[in-house]
Amino acid sequence: MSIQNVRENKLVAAILLVPAAGWLVIFFTLPLAIVWIYSFGERGPQGQTLLALSLDNYKRAVEWIHLGIFLKSLWIAAVSTAICFLMGFPLAMGIAFAPARYKNILMLLVILPFWTNLLIRTYAWIAVLRTRGFLNFGLEWVHAKLDAVFSFIGLPGVMGTFKPLALLYNIPAVIIGLVYVALPFLVLPIYATLEKLDRSYLEASLDLGAGQWRTLFSITMPLAFPGIVSGLLLVFILSLGTYLTPILLGGTDSMMIGNLIAQEFSSARDWPFGSAISFLLLYVTFIVLWLRAVVASRSKGVGY
Amino acid sequence: MKRLLSSTMTRRKFLKGATAFGVGMTFAPQLVWGAEEKKLNLYNWDTYIGENTVSNFEKKFGMKVQYDLFANNEELFAKLKEGNPGYDVIWPTDYTVESLTILKKLMPLDHSKLPNMKNIDPDPNFSNPPFNPGLKYGVPYMWGTIGVGYRKSKVNKPPTSWKVLFDSDEYSGRIALLADMRSVIGITLKYLGYKMNSVVPEEIAQARDLLIKQKKHIKSFAEDNGQDLLLSGECDLVMEWNGDIHQVMAEDKDLAYIVPNEGTQVWMDNVCIPVGAPHPDNAHTFINYILDAKVNADIANFIHYGTANIAAKKYIVKEDLANPAIYPPADIVAKSESLVDVGNNARLYDEAWVAIQAG
């Protein structure tokens, strides 16, 4: 049976849709609806979830202190996304324009980290960044060698003693972790659009006298725009709701919105309030996705 | 709260994940006439029972035991507040016993079926705890403390006051606190001279402000890994559960554990029967079994926690009895408190904690 036949035969199409649709309703829509109902409830004295019809949780969620955590999360997610783009776009271009025989290997290298558990990969960063971690060991080694060189040319003590850098348990460490986790999510959609891009446009641009940079900014990037937007949004949404990275790599000032939600669902035993914050996060995500849809419909770039 | 003996951090996290899956299954409660079927469903912390306790019990009473694990009280509480999925015996910690009792999720114990209750330490902390008066809803199991794990070669003198963690720049950047709302604020309240379960907003605010001021000297609020920060040399003093420090002390002789003089939070786990347990008679048989002095000592000697069973003490290994990470000095324990359920005032703690984290 061809695809065409499936399209014509409504019954077959409906049957084929049942498993996935059922899955979405039972495991996504229903739980989400329950959380939505909870968000109007109130916390019982022992942490029970009492159903009610109040907006108190939402009012509390937009109190300055919670809003502050929201803004900090938005900021961290935005910085991570920007860094991802600066690293990921050139990488995607490199792969897309690489000789065909290397493409698969390069793609494999991008996807490879997914084969390992996120937790293990994040712990690996702890081993790299901590005071007695690999990075500080490396710096100490370089420091010692430079010190020896300076001593040799008659300048002993110029380098001072080595002080390990505090690389872990702060917001930069969280950003490093987020960039590391999210980078493939940016590379894949951009690569997909660049791959489909009609190379004759680029050749025309270069033939007509535009330089490499001009071609990049005026031709390649606009044509790849939908992929770029998808990648940016994917990374941004992923970073915004993160829970694990700030816990493992963050310090005393790294609580993000995901951690606040977890706190409300666990030790505070305030599921209604946690539900309200979750929904605020969801609304932000929806707005971002809606913006993407608007941008995509206006853009004339390569669809994929 | 967690207490595990497995040696590496990743393994612990894996177990936690595995636990979440493992307990996903439910048992169909069966209606039985007369004698119960020979089955029992236990729901316990990971690595928190003797090596052969369950298999010996199965052999002795001809029962089939289903053994499931939870990772923290919140997981246990969340599961039971929606109705008992089929557990017969559970191990909640102090204030969770109280919450579950108020919500009528625990079955009163039939003391006549528990003759071994005579072995429980008569000290009122064990025989009549505030969260479980008269041991009506559970019997004490193991207990412990929160204290300071430290690296002996890196401190000027043993930290005999909580001041070094809460109110001093002496070890700036080399200290970590727990990421536990009630414990951190509660012990700070104790340091300030208040009750650990205070519900006075001004007192909680004072503790909050002290911690916000101290934040620049704190490296991390350790979720689950204070002992690893200590072991790896990232921090030299960490606030931690005694069991976690005991575990790394075995790996590094330069590490020690002390409970500061102001006193601390004492935790105690309890063995309870949830309402709706399919085999309540078997559950009583099991609870009486683990209250036996020898059986109880075998458990304590394997998991290295302090037992609340006074008759078992004579079978406990000498090193454990002398180890302050297991049995801290009695006068300091006397100054300590355990957490109670603060009801709606939990909001005060939640808001203070978020302020500390966000500040």
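Attention in this report is confined to the structure presented alongside it. (Residues numbered from 1 in each chain as written. Chains lettered and ligands numbered in written order. Predicted model: local features only at pLDDT ≥ 70, side-chain atom pairs only at ≥ 80, totals over all residues.)

1. Here we look at the interface of chain B and chain A
The partner chain A presents 24 residues to the 27 residues of chain B that form the contact. Contributions of two or more residues to the side of chain B that touches chain A are made by helix 1 (9-22), helix 3 (73-81), helix 4 (94-102), helix 7 (181-191), strand 6 (218-222) and helix 15 (346-358) of chain B. The dominant element in the side of chain B that touches chain A, judged by the number of residues it contributes, is helix 15 of chain B, at six residues. Here the side of chain B that touches chain A is built from residues that sort into nine nonpolar, eight polar and 10 charged. (Contact = placed C-beta atoms within 7 Å. Helix = DSSP H or I, 4+ residues; strand = E, 2+ residues; numbered from the N terminus. Nonpolar A, V, L, I, M, F, W, Y, C, P; charged D, E, K, R; others polar.)

2. Observations regarding the packing of helix 8 (residues 171-196) of chain A against helix 11 (residues 225-240) of chain A
Residue and element names in this part refer to chain A. Look at helix 8 against helix 11: their axes get within 8 Å of each other, and the N-to-C directions meet at 160°. Taken as axis vectors, helix 8 and helix 11 run roughly antiparallel relative to one another. Handedness of the helix 8/helix 11 crossing: right-handed. Between helix 8, through L178, A182, F185, L186, P189, I190, A192, T193 and L194, and helix 11, the contact on the second element is made entirely by P226, G227, I228, S230, G231, L232, L234, V235, L238 and S239. (Axes fitted to C-alpha atoms, helices over the stretch in contact; angles between N-to-C directions. Parallel < 35°, antiparallel > 145°, perpendicular 65-115°, else oblique. Left-handed = near helix turned anticlockwise from the far one by under 90°.)

3. Structural notes on helix 8 (residues 201-214) of chain B
Residues and elements named next belong to chain B. Here helix 8 contains 14 residues, and its C-alpha end-to-end distance of 20 Å stays within 8% of the 20 Å for a straight helix at 1.5 Å per residue. Inspection of helix 8 places I204, A207, R208, L211 and Q214 among the buried residues, and these make up the whole buried set. Looking down the long axis of helix 8, one finds its buried residues gathered within 125° of arc, a one-sided arrangement. Of the exposed residues in helix 8, the ones pointing more than 90 degrees away from its buried face are P201, E202 and K213. Buried residues along helix 8 sit against helix 6 (163-166), helix 7, strand 6 and helix 15. (Expected span 1.5 Å × (residues − 1). Buried ≥ 20, exposed ≤ 12 C-beta atoms within 10 Å, placed from the backbone. Arc of directions from axis to C-beta.)

4. Let's talk about the pairing of strand 4 (residues 139-151) of chain B
Within a regular beta strand, the side chains point alternately toward one face of the sheet and then the other, so they alternate between its two faces. Residues and elements named next belong to chain B. With respect to burial, strand 4 is a largely interior element, 12 of its 13 residues being buried. One ladder, built from two bridges, connects strand 4 with strand 10 (residues 306-307); its direction is antiparallel. In the sheet register, W143 faces strand 10, and the bridge partner there is G306. Summarising the sheet, strand 4 and strand 7 (residues 237-241) pair through five bridges and their orientation is antiparallel. Across the sheet, residue G149 finds its bridge partner in strand 7, namely V238. Here strand 4 pairs with strand 8 (residues 255-258) via four bridges, running antiparallel. In the strand pairing of strand 8, G149 is matched with Y257. (Pairing = 2+ DSSP bridges.)

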